[in-house]
Every structure is written in structure tokens, then in C-alpha cells.
Protein chains: 2
Amino acid sequence: MKSGATAQDVARLAQVSQSAVSRTFTPGASVSEDTRNRVMIAAKSLDYRPNAMARSLITRRSRIIALVISYLDNQFYPLVIEALSQKLQKQGYHLLMFISDGQETDGVLDEILQYQIDGVVMASATLSPDLARQCADVGVPVVLFNRVPDISAFGRHTTCSVTSDNYRGGQLAAELLLERGHRRIAFLAGLENSSTNLERERGFNDAMKKARSKFHGRAVGNYNFEGAKEATRALFANKSEVPDAIFVANDHMAIAAMDVLRQELGLHVPGDVSVVGFDDVPQAAWGAYRLTTVIQSVELMVEATVDLLHEQMKDGARPRNVVIPCEVVERDSVRAAVPDSPSPKRASRAKPTSSSRPSA
Amino acid sequence: MKSGATAQDVARLAQVSQSAVSRTFTPGASVSEDTRNRVMIAAKSLDYRPNAMARSLITRRSRIIALVISYLDNQFYPLVIEALSQKLQKQGYHLLMFISDGQETDGVLDEILQYQIDGVVMASATLSPDLARQCADVGVPVVLFNRVPDISAFGRHTTCSVTSDNYRGGQLAAELLLERGHRRIAFLAGLENSSTNLERERGFNDAMKKARSKFHGRAVGNYNFEGAKEATRALFANKSEVPDAIFVANDHMAIAAMDVLRQELGLHVPGDVSVVGFDDVPQAAWGAYRLTTVIQSVELMVEATVDLLHEQMKDGARPRNVVIPCEVVERDSVRAAVPDSPSPKRASRAKPTSSSRPSA
């Protein structure tokens, strides 16, 4: 970068104090509009460039938050990136992207520490729990997003985390399908060791037990589109006794399941099989799927995440898990109360107005 | 961050040179596996944290690339974020996210300069061209991704840019629809002032003129899902003479158009109307859409983008536009060569194997 001018030069030219100059270039700092304008004009004419990094060495603030994420093919994560970026940006922070396959976390940790990052958000179901603990160990604020620390390893609250009420969500899915008269309900699982899948399945399982109804088949799709297609084929392999409903651990897999049911098995949704997903990604509302699903509120999850980051930056806050309530949005992939067999067209003919979600 | 140890302390404990320590913590620098291990062990035991920012003040390298993007609801951009992040990460760089509505770019520029960013990738059809020029003015390497500089303002090559061959892509779409016997072909436009839309429409227009075929209606969806639904309704408002094919300026809008055609207008794709999109996002291959579309190769576009960044970091390379070839992937949204009227089920019954793309 080519610039020789100092803050002092700018202050002199703009006829303001040096602190006014630094406040002008400090995101979130208060400075009058008039002062700001004079500083910006002087800075531009002198080609003055404040140096956020030099300042960070003094303030110990890089104003960078690392987002560690493993894959973006599930549309839920792009929503998170956009909402989190916008929220942090308003406060003068920006997201630094780290794509991790969830396996080798050592390299990621070293890099995170080299950048003197102010905080880390780990938004990945597949992420190793070590990374979170290592960051916490060296005093970097961490929030696990959409997952809790590995329960088996060291309990729930070694680090801060934000999840939706996955257990309750699983219950809601089971209760809806049971209420609609389904008795041959299968579960299509995501990554089996992920806290999201564990909680959703546990809630679903408990609701089924309570109703004295047993799982009617279970297959694992690992939160993967092709994996979910394979799992769906497996669930319907035994033609003599196929499921009449599937609870799928996320929307991304539910859409893959609907594709297999309709295009490969020639079945109708919900005429032959009801499908419930989880997340409520925008695609769930698309006319060709109209998926009934459990809503995870990205807005509320992101808000809680940013709050937990700030708490930890101020004072090492006690690790805790913030849980955001879930609710079901009904579209057309679950049959109506009376167990009739609607015409094949029914699902696809539904009025788009009938249940379009507010922020799709 | 809590650490007192210096590189000297680590070198002494690890019994290596100080430069070996700094090489160990410099992404991409060469250091023997044995040395690296000794340094990492010593660093961990001393809780030593290298400071990438302090180093950047000396090397003038922050190893941060800014990605300025306006919205992520079009699935094409998450693909770009993932591919670009992974490619840069392998080279020791990371993406810092800037979400911009494309209007107020001043704030974004100031922030980009404050972070002493090594380069900027602008991946947004809606982005103001000023930002790119301003960055170039102050010597920050810039690559426009999926757009060229505002032609009207100052010609094509004021900054480096990477696009696919949008003009040729538009031609390919028209040629395919004409070859299939369509004569009432409408165009559903994206943002009218965006270079992607301008080029796609120009290529489409020229191919239609060459065949002495005229546009059969045109409506603007502004690359927006709801906008595309409105535009589709408008194209089919005059029941006496509706289009028999639509070229849609991107897949995101093409999917919205297919939803309106089928669910609202009760039309079959491709039985009543053929649809061609642009991008080839993963959703285009989903069983419910099976969209025939023009492929933009994210891999090749990202590769060219990273190369252009490095060129400019080394020596102020001459601004140029790298153009990546396009090709059509045929699925089931365009009718077969013989203009018959396939059964309603035809599209949705297509074998998923018939044209699933390699990296969907």
C-alpha cells in the first residue's frame, strides 16, 4: 500500500484533534458527522490509510472473527454466513473464513492464533471438539454454532454454544406424524456422532415411545445428498412392508429423499409417504417440494452467537449453551388429518400462499 | 491472548535457529518435518503465539483476501465462497467477508484499507464499479468475479476480471431452443445493468436475429426469486399467445419460473414450455427440476481469479478480462428434438442417471 501521511498530518489539515482522526477510523467510535467529513476529505487528499493491524497490536483487537465451517452444500450454512457477516459488520467486525473437513484441526488452530483473531465461531456438525477446547485454552472466545461440545468427551458446557431445541424439534416431528395417523414411521439420520442428529433422534424416539409406536426402519444419510438418496432406497428395499412416513434429520437430505421417492420409486408425497425435514432452508418452500419441516431460526441463533462472543471478549463468561425454540412450518409433504389418499397432483397443486414462511 | 514467550525462547528450547521458528509459522515457507515438530512442541510448551499481524507490518502481507459479495440466496455464490476459500487456504490466505448491498461502497473501501488486505475479489452482479477503481487507485490488487467493469463508464479493462463466456452462453441457449423447433421464445432478464445479463441477452439476441426469430416477450426478474415469479406471470398474462420456451438469465430465477409455470399456471415443463437456465447450480440437477442450463465452471473461474490476484501482488499486472468457456448441460426442461407433447410425467420420471453432472 502506498501512503506516507500520518494521523498527525490529517489532524493538522482537517484542523481537528488527533483523537478525532483515530475515532473517525475506529468502527463504532462516536464522532460528529462534520468532524468525520473533514477527516475523510483530509485523509483522501493526503492518501492517508489508517492501519487496523498496527492499531490491533495496541488495542489487542483485530476486529476479525473466524468462522470455521466444513461444507456449504447444505443451504443452511450460507444463510448463517450471510446473517452472521451482516450482524458483525454493523459492529465493525468481519468474518474470516476457515474451511475445515473436520479432521485435521491443528493447522486451523495455528492459523487462527497467528491472525490474533478476536473470536471463533464453529459452525459445523462434523468439527472435532478439540479445536474448540484448544481455542478456549489459549483465551480466544469461542462459540459452537448449531452443535454442543462432544457430550461423551467432557460434558455439555466446556465451551459456549448455540443450538436450536433439537430434542423438542424431534418430538414435534414425531407428534405431527402420529397425529396424522402414521404408524410406519422411519427415521433418516444425519451424522450419527453429531449433537444435532443425536438430539433430534432422541426427541423423536421419546415421542414415539410415549405413543408406544416403534421406528419403522432407520437409515443413515450423514447429512449428505447422495447419502440420503442411498438411505431412502434402503428404507424402501423391503417392498412387502414399506414406511408410510419419514422424519429426515435435515431439509438437505429430505429433498434428496423426496427425489428418490417420486422419481425412482414412483411414490407420491404425501399421498403414499409423508416427509418431515429439519432447518427450513429456502429450498424447502420451493413449489416442487413444499416441505413440512422444523424451523431453526437463523436470526435468533446468530444473535445469540454474537452476544456470547461479546460476553467472552469483555470478561471470560461462563461456558453455557443457549437453546433457541423450534416450531413446525406445515407445507404439503405431510398428509392431512384424515388419512385419505390424495390425488398425485395434490402436493404440487398447493397454493403457494398457503404457508409461505415470513423470511424465506 | 496470554503469552509472553518470544521466537527466541522457542528457538532456544527447540534448539533450532530463529529463522527456523519463523519459517515454521509462515504459511507456505519450507521447513523440515523434524524441525517443524520440534518448534511446534517447544511453542506449545511455552504457549508461544506467533503474531501474523506484527509480521504483516514488516512483510506488508496480511495474508487476507477480501471477498465483497452482496447476497447469497443465489446458490452460485456459496459455491464460489467454498471453492475460493479452499484454494486460497492451501496457499496460506483466508477470505474476509464483506457483505455489501452494492450501494454505499465508501464504508467498505475504508474498512478494506484499514485491514491492509492483500487483495480484493468482488463477486457481485450488483456491486458499484467505483469500489473496484478506488481499490486499484490505492494499489490493492482487485479481481472482479463474474462481472466486467461498467462498460458505459470506462471500457472493459480498467481492472482485472474473470467471467464465463456469457455472450456465447446466451447464443448456446438460443441455438438449443431454436433447434428444438421453438419459435415463441421469451427472455427472463436478470439485473439489466449487470454485465452478466447484458452479455447473456446480447448473445441470445444475436442468435435469434441470425435465425430471423424475434423475442416472444421479455420480462425482468432482477436475479431475484420473487422477481422472477412476477416476471413469469407477466410473460404468460396474455393467454391468447403465450411463449413456448423461456431462456432465464440464471438458474435461481429459472427454478422460480418453473414453480410458477407448474403450480400456478398448471403448465408442464417441457411438455408445454421449455426452460433453459444459466449457472448450473446443484439445485438445477435436483429431481424435481432437472433443469437444462448453461454451465459456468466455478473451479476454472476461481482458479483464474487466484492467478490474477497473485500476478498483481507480484507486479502490477495489466488489467485484463479472463473468459472461461461455457457449455450446455441437457437435462429434462427442454423438449426433445421432435416437437411432440410428452406426457406430464415425462420430465419428473427421467432417470437421474440420464444426465447427472460430474460434480453436482
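Residues numbered from 1 in each chain as written. Chains lettered and ligands numbered in written order. Predicted model: local features only at pLDDT ≥ 70, side-chain atom pairs only at ≥ 80, totals over all residues. Heavy atoms only, no water.

Participant: For this particular structure, what's the right way to read the environment of Leu-191 of chain A?
Facilitator: Residue and element names in this part refer to chain A. The topology assignment puts Leu-191 in the loop between β6 (185-189) and α10 (195-210). Leu-191 gets classed as buried once you look at its relative accessible area, which sits at 18%. For the pair Leu-191 and Asn-222, spaced 31 residues apart in sequence, the C-alpha to C-alpha distance is 4.1 Å. (Helix = DSSP H or I, 4+ residues; strand = E, 2+ residues; numbered from the N terminus. Buried < 20%, exposed > 50% of the residue type's maximum accessible area, 1.4 Å probe, protein only.)

Participant: Would you take a moment to explain the pattern of salt bridges for this structure?
Facilitator: Opposite charge on two side chains permits pairing when their charged atoms draw close. Summed over all chains, the structure comprises 28 salt bridges over all chains. Of the charged contacts in the structure, one is a salt bridge between Glu-230 of chain B and Arg-233 of chain B, with a shortest N-O distance of 2.7 Å. Remark: Arg-233 of chain B and Glu-230 of chain B occur in helix α11 (residues 225-235); sequence separation between them is three residues, near one turn of the helix. It is possible to trace a salt-bridge network through shared partners that takes in Glu-179, Arg-180 and Glu-330 of chain A. (Salt bridge = Lys/Arg side-chain N within 4 Å of Asp/Glu carboxyl O.)

Participant: Any chance you could explain the confidence of the model for chain A here in plain terms?
Facilitator: Close inspection of predicted coordinates is inappropriate in any region flagged by low pLDDT. Summary statistics for chain A give a mean pLDDT of 84 and a share of 83% for residues scoring 70 or more. Low pLDDT, under 50, characterises residues 341-360 of chain A; the stretch is placed with 27 contacts to residues that sit more than four places away or in other chains. (pLDDT = per-residue confidence, 0-100. Contact = heavy atoms within 4.5 Å.)

Participant: What should I look at first to understand the sheet that holds strand β7 (residues 218-220) of chain A in this one?
Facilitator: Backbone hydrogen bonds are what pair the strands of a sheet, in a parallel or an antiparallel way. Residues and elements named next belong to chain A. Sheet architecture is open: six strands sit in the order β7-β6-β8-β9-β10-β12, paired in mixed fashion. Pairing within the sheet leaves two strands with one partner each, and these edge strands are β7 and β12 (327-329). Across this sheet, the average inter-strand angle for adjacent strands is 20°, counted without regard to direction. As defined by bridge partners, strand β9 (residues 274-279) adjoins strand β10 (residues 292-295) across four bridges and the pair is classed as parallel. Following the sheet pairing, Val-276 is matched in β10 by Thr-292. Where helix α9 (residues 166-179) meets the sheet, its contacts fall on β6, β8 (245-248), β9, β10 and β12, and the angle it forms with β9 comes to roughly 165°. Sheet strands touched by α10: β6, β7, β8 and β9. Its angle to β6, the strand with the most contacts, is close to 170°. (Pairing = 2+ DSSP bridges. Axes fitted to C-alpha atoms, helices over the stretch in contact; angles between N-to-C directions.)

Participant: Please explain the packing of aromatic side chains as it appears in this structure.
Facilitator: For any two aromatic rings, the description comes down to two numbers: the centre-to-centre distance and the angle of the planes. Scanning the model with the defined rule gives 20 aromatic pairs over all chains in all. Seen from their ring centres, Phe-225 of chain A and Trp-286 of chain B are 5.6 Å apart, and the 5° between their planes marks the pair as stacked. With Phe-225 of chain A in helix α11 (residues 225-235) and Trp-286 of chain B in the loop between β9 (274-279) and β10 (292-295), the pair connects residues from two separate chains. A residue is classified by how much of its surface remains accessible, and Trp-286 of chain B, at 7% relative accessible area, is buried. Three or more aromatic residues joined by ring pairs form one cluster here, namely Phe-225, Trp-286 and Tyr-289 of chain A together with Phe-225, Trp-286 and Tyr-289 of chain B. Positioned above the aromatic ring of Phe-278 of chain B, the side-chain terminus of Arg-200 of chain B is 3.8 Å from the ring centre. (Phe/Tyr/Trp six-rings, centres within 6.5 Å; stacked < 30°, edge-to-face > 60°. Lys NZ or Arg CZ within 6 Å of the ring centre and 35° of its normal.)

Participant: Help me out: how do you make sense of the domain arrangement of chain A in this one?
Facilitator: When the parts of a complex come together, some accessible area is lost, and that lost area is often taken as the interface size. All names here are of chain A. What the domain assignment lists for chain A is domain 1 (7-50), domain 2 (64-164 + 298-324) and domain 3 (166-297 + 327-355). The partner domain 3 presents 17 residues to the 19 residues of domain 2 that form the contact. Taken together, both faces of the contact between domain 2 and domain 3 bury some 1,400 Å²; the carbon and sulfur share is 51%. Remark: the boundary between domain 2 and domain 3 carries zero salt bridges. Secondary structure elements with two or more residues in the side of domain 2 that touches domain 3: α5 (76-90), β5 (160-164) and α13 (298-314). At four residues, α13 tops the list of elements feeding residues into the side of domain 2 that touches domain 3. The residue makeup of the side of domain 2 that touches domain 3, split by class, is nine nonpolar, six polar and four charged. (Domains from an automatic or database assignment. Buried area = accessible area lost by both parts, 1.4 Å probe. Nonpolar A, V, L, I, M, F, W, Y, C, P; charged D, E, K, R; others polar.)

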